[in-house]
Amino acid sequence: MSGVLDALAQIAALDVLLAILAASVYGMVIGALPGLTATMATALLVPITFYLPPIAAVATIIAASAMAIFSGDIPGALLRIPGTPASAAYTDEAYAMTRKGQAETALGISLWFSAIGGIVGTLALMAMAPALAEIALSFSSFEYFWLALLGLMCATLVARSSPVKAIAAMLIGLLISCIGIENPAGTPRFTFGVTDLLGGIEVIPALVGVFAISEVMRAMVSAEAPPIPRRRLGSILRGQWALTRRYQVPMWRGNILGVLVGVLPGAGADMAAWIGYSVSKRFSKEREKFGTGHPEGLVEAGAANNSALASAWVPALLFGIPGDTITAIAIGVLYMKGLNPGPTLFTERADSMYALYLIFIFANILMIPLGIATIRLATHVLRAPRAAVLPVIVLLSVVGAFAIGNNIFAVVVAAAFGLLGFVMERNGYPVAAMVLGIIMGSMLETHFVTSLIKSDNSLLPFFERPIAAVLATIAAAALLWPVVAWTLRRRARATAAA
Amino acid sequence: MHLPDRVSGAILAGLGALAAYGGSRLPPVPGQDVGPNVFPMVVGAGLILCGVLIAFGIGRSFEAPEEDPGAAVPAAGSLAARLVGLRALLPPALLLLYVLVVERLGFLPTAAVLVLVTALALGARLRLALPLAAAAPLAVHAVFSKLLRVPLPDGMLPAPW
């Protein structure tokens, strides 16, 4: 109990509360601007967290990402342009409601069920993480290797593109993580004699490049989104309670589904929203109404993506394996602040963990008033032309990349990764898979090589321990799934033709 | 920057081959079979396999249909289209420019150039771009240099604080 009180004292400090509030407003605005994603918001925030105390730093990441995932729904509902990828699954549905004159209901659903999903996800995180930590204490390098690989395989499944290209993107990420002397022998690898490469590619500048610079590059060659039309919105929360009661089953299903997807290493909010929406459609009694502005799918998918956002912290905190690109950044911040992920975090730094849970709950409650304000202001604030917003993003990218280590080479890294991300995106290679490859590369390699040394170069022990065998099976299933899906689809088409 | 799958697949396979070759030349750890060479070789082999599969168009059926690149791109082939395509390279080029000149010129003027050029390239009027180029660098400098103590170079134009 004293741990909880300690935690309360930690987050009740003025600097933490101010950090949460500022990060929330920032996350709301960035998430709501079309083309600026929740991941970009988080990546550009990291240089600032560098200078904050640990709890305040983690609090800003949690608050900004939760707000941005919600506010990505705003341009989705009003313009049919998803503000963040996690909103893409139900953008058409929300826009259909807007066309029917129910914009406030659509946005209200997003807000209300996002907050509920976030809180349920947090409760699941509180319940599951310490219990799983007990199990995780007995994990050896074999289990960690399979977990890391499973996370990477899930990341390739999330991408809605060719699985081969997704795996290739992930391998590029792994190859990038080879650069430097951080390897089992400490030999300079792929440094080509460049001193700046000896330390390896720094993750945050690379992320800033991939998620911010390449976004600006894309804007250079695409048309500007139309301004959000001025419209009067009615009460936003009115009718939500009735909807909550009416769609109890989809809501709970969405929450639970989000939690489960989030806990999977490598799968996060984006995937939860897609699965939530399609599950809702599959089991609905009014399936024909989907796509015409029906609230049911919105309820389930909106709940699913926010609960996944919270539960994605389970693998992140326990194993240092990110559930999505946002937790990938968060893991970097945890390391930076001495809260190294691992099962012992829950025993040795229990008060910090309680503080983290409290921040999650607080942020999800704060989301409701802030969200209402953002929706109300959306038609004014979000009319800012991108020619005014993106130059500032470029400037923040430069300074942010530099500020991480006061190293000018980081700006070169950001430029290079901006170009790489742009070219990959254009050609259908999912950049998120590459990013997870970069982040998890050294972890995967360390556990792979350690395991091989332990087993005297035999591959058999990789499958001998029970948990390792289970994880190996799931990873293999994730690898083979596209082949199975392809065969099933072919067979279905053949029977349809016959 | 759209490459046919044949080309991107071939590039990946080539990259994989280079990685595997480069990995195999790394010095081994004495008395140990597994060293820093194993991982690049495994990853390289994977890249070769993926590259070949991509070049032969395997997995294409999973890709979402291509999005409309937007109305800002005029008819392909014309000089204007090529120039618009090159505009995408502007942001990384500006970052490199920053790296090259910031020490000598100082943060404020360099940042102002970055903001001005980006805003104009995105179609801003001077009425918007000029005030933005004056205000944004000052604001960013105030936050990062003053509050967060990031050593941004003064160069020829030190900040007024």
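Rules and cut-offs
- Residues numbered from 1 in each chain as written.
- Chains lettered and ligands numbered in written order.
- Predicted model: local features only at pLDDT ≥ 70, side-chain atom pairs only at ≥ 80, totals over all residues.
- Helix = DSSP H or I, 4+ residues; strand = E, 2+ residues; numbered from the N terminus.
- Contact = placed C-beta atoms within 7 Å.
- UniProt positions renumbered as here; feature names shortened; annotations may be inferred.
- Nonpolar A, V, L, I, M, F, W, Y, C, P; charged D, E, K, R; others polar.
- Axes fitted to C-alpha atoms, helices over the stretch in contact; angles between N-to-C directions.
- Parallel < 35°, antiparallel > 145°, perpendicular 65-115°, else oblique.
- Left-handed = near helix turned anticlockwise from the far one by under 90°.
- Buried ≥ 20, exposed ≤ 12 C-beta atoms within 10 Å, placed from the backbone.
- Core = buried A, V, L, I, M, F, W, Y, C linked by C-beta atoms within 7 Å.
- Expected span 1.5 Å × (residues − 1).
- Bend = angle between axes of the 7 residues up to and from the residue.
- pLDDT = per-residue confidence, 0-100.

Caption draft 1: Just the overall build of chain B, in detail. If you tally the helices and strands in chain B, you get six helices and zero strands. Along chain B, from the amino end to the carboxyl end, the secondary structure elements read α-α-α-α-α-α. If you take every contact in chain B between residues at least 6 apart in sequence, the share linking residues at least 24 apart comes to 56%.

Caption draft 2: A look at the UniProt feature "transmembrane region" (unreviewed entry) in chain B. All names here are of chain B. When the UniProt feature table is mapped to this numbering, "transmembrane region" (unreviewed entry) covers residues 38-58, 79-99 and 105-122. In this annotation, residues 38-58 is assigned 86% helix and 0% strand; the end-to-end C-alpha distance for the span is 27 Å. As a span, residues 105-122 carries 89% helix and 0% strand, and end to end its C-alpha atoms are 25 Å apart.

Caption draft 3: Representation of the interface of chain A and chain B within the structure. Taken together, the 61 residues of chain A in the interface contact 67 residues of chain B. Of all the secondary structure elements, the ones that give two or more residues to the side of chain A that touches chain B are α9 (163-177), α10 (203-220), α19 (386-405), α20 (409-426), α21 (431-454) and α23 (466-497) of chain A. Counting residues per element, the side of chain A that touches chain B draws most heavily on α19(A), which supplies 12 residues. For the side of chain A that touches chain B, the class distribution of residues is 45 nonpolar, 10 polar and six charged.

Caption draft 4: Quick peek at the packing of helix α2 (residues 14-32) of chain A against helix α3 (residues 38-49) of chain A. All names here are of chain A. As a packed pair, α2 and α3 sit with axes 8 Å apart at the nearest point and diverge in direction by 140 degrees. Between α2 and α3, the angle falls in the class oblique. Taken as a pair, α2 and α3 cross one another with a handedness that is right-handed. The residues of α3 that touch α2, namely those facing A23, Y26, G27, I30 and G31, are A38, M40, A41 and L45. Broken down by class, the residue content of the contact of α2 with α3 amounts to seven nonpolar, two polar and no charged.

Caption draft 5: Region of the structure containing unusual backbone geometry. Residues and elements named next belong to chain A. With a phi close to 50 degrees, N406 is a non-glycine residue in the positive phi region. Mapped onto the elements, N406 comes out in the loop between α19 and α20. According to the C-beta neighbour criterion, N406 is exposed, with 11 such atoms within 10 Å. Despite not being glycine, N457 has its phi angle at roughly 65 degrees, a positive value.

Caption draft 6: The arrangement of the nonpolar core in detail. Residue and element names in this part refer to chain A. Counting 234 residues, the largest nonpolar core has A59, A168 and M170 as its most contacted members. The dominant element in this core, judged by the number of residues it contributes, is helix α7 (residues 103-136), at 16 residues. Setting aside its immediate chain neighbours within four residues, M170 contacts L152, A155, T156, A433, M434, L436 and G437.

Caption draft 7: Spotlight on the packing of helix α12 (residues 248-263) of chain A against helix α14 (residues 295-311) of chain A. Residue and element names in this part refer to chain A. Relative orientation of the contacting elements α12 and α14 amounts to 35 degrees, with a least axis distance of 7 Å. Crossing of α12 over α14 shows right-handed handedness. Taken together, the residues of the contact of α12 with α14 break down into 13 nonpolar, eight polar and three charged.

Caption draft 8: Region of interest: helix α6 (residues 126-147) of chain B. Here α6(B) spans 30 Å end to end across 22 residues, near enough to the 32 Å set by a 1.5 Å rise per residue. Of all the bends in α6(B), the largest measures some 25 degrees and sits at L132(B). Restricting attention to buried positions, one finds in α6(B) the residues A129(B), L132(B), A133(B), A136(B), P137(B), V140(B), H141(B) and F144(B). The inward-facing, buried residues of α6(B) contact α19 of chain A together with α5 (107-121) of chain B. Immediately downstream of α6(B), the backbone of R149(B) shows phi near 60 degrees, a positive value.

Caption draft 9: The confidence of the model for chain A, seen in detail. For chain A, per-residue confidence averages 86 on the pLDDT scale, and 98% of positions sit at 70 or higher. By mean pLDDT, helix α1 (residues 2-11) of chain A is the weakest element of chain A at 80, and α20(A) is the strongest at 94.

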